[in-house]
Amino acid sequence: MPLALLSPSLVFLALFTYWPVVEVLWDATHAVTRRGTRFVGLANFAALFADPTFQRALLNNALYALGTVVPSLILALAFALALNGAGRVRALMRAVFFLPVMIPLVAAAALFLFLFLPGIGLIDHHLARLGLPGANWLGDPDLALSAITVLTVWKNAGYYMLFILAGLQAIPDEAREAALLDGAGPWQRLRFVTLPALRPTFAFVGVIALLNAVTQVDHVFVLTKGGPSDATKLLLFYIYEQAAERYDAGRAAAATVVTLGLLAALTAVSLARGQGPEAAR
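Here the structure is a predicted model, which is why all the values come from computation and not from measurement.

(A) Here's a closer look at the UniProt feature "domain: ABC transmembrane type-1" (unreviewed entry) in the protein chain. Sites flagged by UniProt as "domain: ABC transmembrane type-1" (unreviewed entry) map to residues 58-270. In residues 58-270, helix accounts for 77% and strand for 0%; the two terminal C-alpha atoms are 20 Å from one another.

Following this line, the structure appears as structure tokens:
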């Protein structure tokens, strides 16, 4: 009876989780030729790491992750500290900060496209009113990745705020009261009470933020398509390009394995550090 009840879930897991993993590993070690499929070992990985486009995508994703995860978490913490507690105004503001999360990423990218349009976009319009020159935000290789990063931070900060709010509300009142009795100021309470108590929350949210930094590429398709000059080409966009445009399943699978390996390593480090010094050791 237990197996019969679990069988629908097991079938779905086998079809949509385990089999795709096996297929990716198979494709990563094989090449498709006119004579059929042949085993090539690690040749796909060697070609992958020798590809300067992949190296650029890897660097772009590292910069993109750094530019989105850290500011998003800082903003989420600031929002959560400001809006922690009861009250209609705070509840309304929490809803306002969470509103960008409800907007699909493609729609958010279309919205920001009107902001970033050179010359006639809202950003350049207000810069012109201040007597400042505009910029080609999405067409300049030095600015395009930063523009994508701003959109991502705006989209995700409210989502992370909810987790940090839950973590703040889980801190015992006794800890805050003890800090007040000891004469601790706001900064000292934040540093020695709030932030240590939020360490597991930040570890969990950090993992989600890292996953988003690798898996959210809808805005890249809408705004830049990886350009200009590969300045916004991220790992998932590179995988899509290899698989869907160049039909190189082996290299796309190898890039997928490398990406998942990096995510697994970063997730393990983040969770270990989030459990404190004992778990980290």
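Now, onward.
(B) Representation of the pattern of salt bridges within the structure. Scanning the model with the defined rule gives 4 salt bridges in all. The partner of Lys233 in a salt bridge is Asp230, and the shortest N-O contact between them spans 3.0 Å. What makes Lys233 buried here is its relative accessible area of 5%. With a shortest N-O distance of 2.8 Å, Glu241 and Lys233 are connected by a salt bridge. For the pair formed by Glu241 and Lys233, the shared burial category is buried. When salt bridges that share partners are traced, they join Asp51, Asp248 and Arg251 into one network.

(C) Representation of helix 10 (residues 199-215). The end-to-end C-alpha separation of helix 10 is 24 Å, in line with the 24 Å expected for 17 residues at 1.5 Å each. Taken as a whole, helix 10 has its buried residues at Thr201, Ala203, Val205, Gly206, Val207, Ile208, Ala209, Leu210, Asn212, Ala213 and Val214.

(D) Summary view of the UniProt feature "transmembrane region" (unreviewed entry) in the protein chain. Per the UniProt annotation, the sites labelled "transmembrane region" (unreviewed entry) are residues 62-83, 95-123, 143-171, 192-214 and 252-272. Taken end to end, residues 95-123 is 76% helix and 0% strand, and its first and last C-alpha atoms sit 26 Å apart. The span residues 143-171 shows a helical share of 90% and a strand share of 0%, and its end C-alpha atoms are spaced 41 Å apart.

(E) Region of interest: unusual backbone geometry. Here the bond from Gly227 into Pro228 is cis, since omega is -5°, no more than 30 degrees from zero. Positive phi values are uncommon outside glycine, yet Lys225 reaches one of about 55°. Since its relative accessible area comes to 59%, Lys225 is described here as exposed. Within the chain, Ser229 stands out as a residue other than glycine whose phi angle is a positive 55°. Of note, Ser229 is situated in the loop between helix 11 (218-223) and helix 12 (235-245).

(F) Layout of helix 7 (residues 144-169). Along its 26 residues, helix 7 runs 38 Å from first to last C-alpha, staying within 8% of the 38 Å computed at 1.5 Å per residue. In helix 7, a bend of some 35° at Asn156 exceeds every other bend along the element.

(G) Representation of the packing of aromatic side chains within the structure. Considering all chains together, one arrives at 12 aromatic pairs under this definition. When the centroid spacing of 5.7 Å and the interplanar angle of 90° are considered together, the rings of Phe49 and Phe54 count as edge-to-face. When its relative accessible area of 46% is taken as the criterion, Phe49 is described as partly exposed. An angle of 75° between the planes, with centres 4.9 Å apart, marks the rings of Phe221 and Tyr240 as edge-to-face.

Cut-offs used in this document
Residues numbered from 1 in each chain as written. Predicted model: local features only at pLDDT ≥ 70, side-chain atom pairs only at ≥ 80, totals over all residues. Heavy atoms only, no water. UniProt positions renumbered as here; feature names shortened; annotations may be inferred. Helix = DSSP H or I, 4+ residues; strand = E, 2+ residues; numbered from the N terminus. Salt bridge = Lys/Arg side-chain N within 4 Å of Asp/Glu carboxyl O. Buried < 20%, exposed > 50% of the residue type's maximum accessible area, 1.4 Å probe, protein only. Expected span 1.5 Å × (residues − 1). Bend = angle between axes of the 7 residues up to and from the residue. Phe/Tyr/Trp six-rings, centres within 6.5 Å; stacked < 30°, edge-to-face > 60°.

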